[in-house]
Amino acid sequence: MSQTDPRRAGVGQSPAPEPSAPGGLLDALGVAAVVLNAKGRIALWSPSAEELFGYTAEEALGRPGAALLVDPQHARLVKDLFGQVLEGASWAGGFPVRMKDGSSRLVEFRNMRMLDEKKNAYALGIATDQATLRTVETDLALSMRLISQSPIGLAVLDHDLRYVLVNPALERINGMSTSDHLGKKVSEALPFLDVEAVESATHQVLTTGSPLLDQYAVGRTPGDPGRDRAWSVSYYRLEDTGGHVLGVAISVVDVTERHSATTEMIRARKRLALIADAGVRIGTTLDLRHTARELAEVVVPDLADLAAVDILDSILGDRQNASGPTDSSGPAVFRALAVKAAYRTEASRAPDPAGDVAQYARDRLITQVVDSGEPILVPHVDEDTLRRVARDDDSAVLLARAGAHSYLGVPLIARGNVIGTLSLIRARTPAPFNEDDQLLAWELAARAAISIDNARLYRSERRTALALQRSLLPQRPPRQPGLAVAYRYQPAGSTHEVGGDWFDVLPLTGDKTALVVGDVMGSGISAAATMGQLRTATRTLTRLDLEPAALLRHLDDVTTGLDQAFATCVYSSFDPATGRCRISTAGHLPPVLVRPDGTAELIDVPTGVPLGVGEVPFETVDLELPPGSRLVLYTDGLVETRDEPIDARLTALVRMLSGPRRSLERTCDLLLHSLRDPDGHDDVALLVAEVRPEGTVAHTAATAGGTAEAPPGATGTGTAEAPPGTAETGTAEAPPGTAETGTAEAPPGTREPGPGTVHEEPGGR
């Protein structure tokens, strides 16, 4: 059908002539026309008659039709039929005709009378080969029945891509009658589809002739507006027998059930993949906030457009089994741990910022999730629901403006206790949350809750271990004659357990000084407690003024008596009167000697075995330490890393201690900053002692802003001269606000102030 189709011509308009290309239906039938006058002679003979019967016009014109074309046995019948036609009757049927070659063929006739202007009668015979006609009729009937009875929706579009045929199945599929289709383009008849894709496909097929098969389309029809339906659509070009393009045929199969099953299978795979991904990504550290962020990053954007993770503030205390708000009648107190949005949106400002503490009344959805221990699903939220979700009215406006339309809140339950909530919002995602989403969120929340609770429990235990360790470490070593001492202690980062490193500066008889650094194997409260026992034993044994090797033997006996305890230790005794230093080690890394000229080397001292092995002798090395010499004792946390050999790290330590002289405090800070593994996986104890001239009493002062060293030549019991703005007093206690005080982990890069104090390496990521 073209734009000149009479069905689309306007009122009073006459369609223009439209020539047809050869090869049409009439050409395929080969319809012949023959006219006989009243005497039965052939008056007109068409070219098609020549093709059908074999006689040329010259051979046929003027001859009696019956004599030329009819077998004599049928002559009387033909004469009777001819008379009836001349009298005005019509006759149609098949009749055997004699061909020029003598053969006989059944020909289908349509005979009727014709009159000229003088009322002279003629007989018009329209004829075609009956076998050809029956074939065409059969094909046409089959085609129409196939179209009308097919359960597959079928349509034909013309060159202008307008409907010219729609079968009943397509009427049912589209929920529209044939009249609502005919003469219209797809965009006019079916606006509920992705019309651009459909019209682009039909135009492509019409132009190229290449079919497009099994193209998916999804939409809602007028007959079923409340449900998404899916169709498999195929396009192919229609051509006549001569190869001329007629238009585009479209077949449509409703595959909604298959599409739903496939979609559900894809969703199930995505859910399984999301759960598997959660198992890998959640709980990679023991950092509370980091674990919460991991949960939020897993659910966004695959499950929600906006996610918030909040934990009950009460469970961050020391109680191991906190199960919810302490006052069921009052507001619930939450601490926000993480907020994640799938895209940049003002809705991300609606939840409480990470780290904030907020109170929510009992009618708020987040509180109801905690109180009930059950998920709350609101597929379609209204303004009132948003006010019960958001932290305040302004936040509710932000959510509404961002298009928030569905809410899902899931409790975080660990070890039978509700510890917090996972809140999910959908805005750009058109589908609301459903029960499958709820089950998935519940599974993810359950997995994450264990990791979050593990981080919480670890955090509590770590704080206890740190408190114990701080209480056992020296608050301020005593000042000793002939030595200036600087020290550092930094525990492992917050995602690692506290170890059992310790140091000590102990007075001996005759103004001698013992320098001790040790490292208990293991971590946590047990290691800290063992460290306290060994430090106490060491302080007790020093009163006996034993040789270093003998002291380590006694300390080994003490360690053997402890429950599966092992430790490394370096013990040195310095005599300022002689300038001699005696050193023994028990499985510990060798100390470093820095000579007055700035050269540094590892002291060649037998390593020995760790304390706790038992019945193994220790050896002592004696060396001279002239004034200006430095002795550096340390634990393995200063130099060990996961990716470099220990020999290379010890070489780096010696190289860093060589060269221009720095103050003791700057030396300590430089070593920690340059050598310690950034991951902070182990504790570090560091002790640097410098020999001063005989009679000098020197010691670095623990200060808030720096420490001062007694300069060489300082006399008697005079105190070290503190630089401007510093104070002589200070303790090894971590001041308020450091990494382990409060509920939040310390931000990266923070340190406790005060050189010479016990330092804590911050945790977190």
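Residues numbered from 1 in each chain as written. Predicted model: local features only at pLDDT ≥ 70, side-chain atom pairs only at ≥ 80, totals over all residues. Heavy atoms only, no water.

1. A look at the overall build of the protein
Inference 1: For the protein, the helix and strand inventory stands at 19 helices and 28 strands.
Inference 2: Relative to its full complement of 765 residues, the protein shows a buried share of 48%.
Inference 3: In the protein, the share of contacts with a sequence separation of at least 24, taken over all contacts with a separation of at least 6, comes to 63%.
Inference 4: Put simply, the protein shows about 35,900 Å² of open surface, and 53% of that area lies on carbon and sulfur atoms. (Helix = DSSP H or I, 4+ residues; strand = E, 2+ residues; numbered from the N terminus. Buried < 20%, exposed > 50% of the residue type's maximum accessible area, 1.4 Å probe, protein only. Contact = heavy atoms within 4.5 Å. Areas by Shrake-Rupley, 256 points an atom, 1.4 Å probe, with all protein chains shown as cover.)

2. Re helix α9 (residues 195-208)
Inference 1: Over its 14 residues, α9 runs 20 Å from end to end, which matches the ideal 20 Å to within 8%, given 1.5 Å per residue.
Inference 2: Among the residues of α9, those classed as buried are V195, V198, A201, T202, V205 and L206. Angular distribution of buried residues about the axis of α9 spans 135 degrees; they occupy a single face of the element. Residues of α9 that are exposed and point over 90 degrees away from its buried face: E196 and T207.
Inference 3: Its buried side turned inward, α9 meets β6 (153-157), α8 (186-189), β8 (212-221), β9 (224-239) and β10 (245-254).
Inference 4: Following α9 by one or two positions, G209 adopts a phi angle in the positive range, close to 80 degrees. (Expected span 1.5 Å × (residues − 1). Arc of directions from axis to C-beta.)

3. Notes on the confidence of the model for the protein
Atomic detail in the predicted coordinates should be set aside for any region of low pLDDT.
Inference 1: Chain-level statistics for the protein give a pLDDT mean of 83 and a share of 83% at 70 or above.
Inference 2: The model gives residues 1-11 a pLDDT under 50, and that stretch makes 18 contacts with residues more than four places away or in other chains.
Inference 3: Taken as a whole, residues 318-326 scores under 50 in pLDDT and shows 23 contacts with residues more than four places along the chain or in a different chain. (pLDDT = per-residue confidence, 0-100.)

4. Topic: the side chain of S573
Inference 1: Tracing the chain through its elements places S573 in strand β21 (residues 567-575).
Inference 2: Those residues in contact with S573 that lie beyond four places of it in its chain are L508, K512, T513, A514, P548, R580, C581 and R582.

5. Considerations on the nonpolar core
Inference 1: Counting 44 residues, the largest nonpolar core has V299, V309, L412, L422, L424 and L444 as its most contacted members.
Inference 2: The element that contributes the greatest number of residues to this core is helix α15 (residues 435-472), accounting for eight residues.
Inference 3: Not counting the four nearest positions on each side in its chain, V299 is found in contact with A304, A307, L422, L424 and L444.
Inference 4: Among the nonpolar cores identified, the runner-up in size contains 26 residues, and V34, W45, V85 and F95 belong to it. (Core = buried A, V, L, I, M, F, W, Y, C linked by side-chain atoms within 4.5 Å.)

6. A few points about helix α18 (residues 646-657)
Side chains three or four residues apart in an α-helix point the same way, a direct result of the helix having 3.6 residues per turn.
Inference 1: Between its first and last C-alpha, α18 extends 17 Å over 12 residues, near the 16 Å set by a 1.5 Å rise per residue.
Inference 2: Those residues of α18 that are buried lie in contact with β23 (592-594), β24 (600-602), β26 (630-634) and α19 (664-675).

7. A look at the pairing of strand β18 (residues 483-490)
Inference 1: Where burial is concerned, most of β18 is hidden: eight out of the eight residues are buried.
Inference 2: The alternating pattern of β18 places L483, V485, Y487 and Y489 and A484, A486, R488 and Q490 on opposite faces, both of which are buried.
Inference 3: Two strands pair when backbone bridges link them, and β18 and strand β27 (residues 684-691) are joined in this way by eight bridges, in the antiparallel orientation. Paired with Q490 across the bridge in β27 is V684. (Pairing = 2+ DSSP bridges.)

8. Describing the pairing of β27
Inference 1: Along β27, eight of the eight residues are buried, which leaves the element largely enclosed by surrounding structure.
Inference 2: Of the two faces of β27, the one carrying V684, L686, V688 and E690 and the one carrying A685, L687, A689 and V691 are both buried.
Inference 3: Alignment of β26 against β27, held across five bridges, turns out to be antiparallel. Each residue of the ladder has a partner; that of R630, found in β27, is E690.

9. Examining unusual backbone geometry
Inference 1: Between V300 and the following residue, P301, the backbone shows a cis peptide bond with an omega angle of 5 degrees.
Inference 2: Along the chain, the position of P301 falls in the loop between α11 (288-299) and β11 (306-312).
Inference 3: Here R415, not a glycine, exhibits a phi torsion of approximately 55 degrees, which is positive.
Inference 4: Within the element layout of this structure, R415 appears in the loop between β15 (406-414) and β16 (417-426).
Inference 5: In this structure R415 comes out as partly exposed when scored by relative accessible area, which is 48%.
Inference 6: With a phi close to 55 degrees, D545 is a non-glycine residue in the positive phi region.

10. Structural notes on the packing of helix α10 (residues 256-281) against α11
Inference 1: Orientation of α10 relative to α11, taken along the N-to-C sense of each, is 160 degrees, at an axis distance of 10 Å. Relative to α11, the element α10 is oriented roughly antiparallel. As for the relative orientation of α10 and α11, their crossing is right-handed in sense. Facing α10, whose interface residues are L274, D277, A278 and R281, α11 presents E294, E297 and V298.
Inference 2: Grouping the constituent residues of the contact of α10 with α11 by class yields three nonpolar, no polar and four charged. (Axes fitted to C-alpha atoms, helices over the stretch in contact; angles between N-to-C directions. Parallel < 35°, antiparallel > 145°, perpendicular 65-115°, else oblique. Left-handed = near helix turned anticlockwise from the far one by under 90°. Nonpolar A, V, L, I, M, F, W, Y, C, P; charged D, E, K, R; others polar.)

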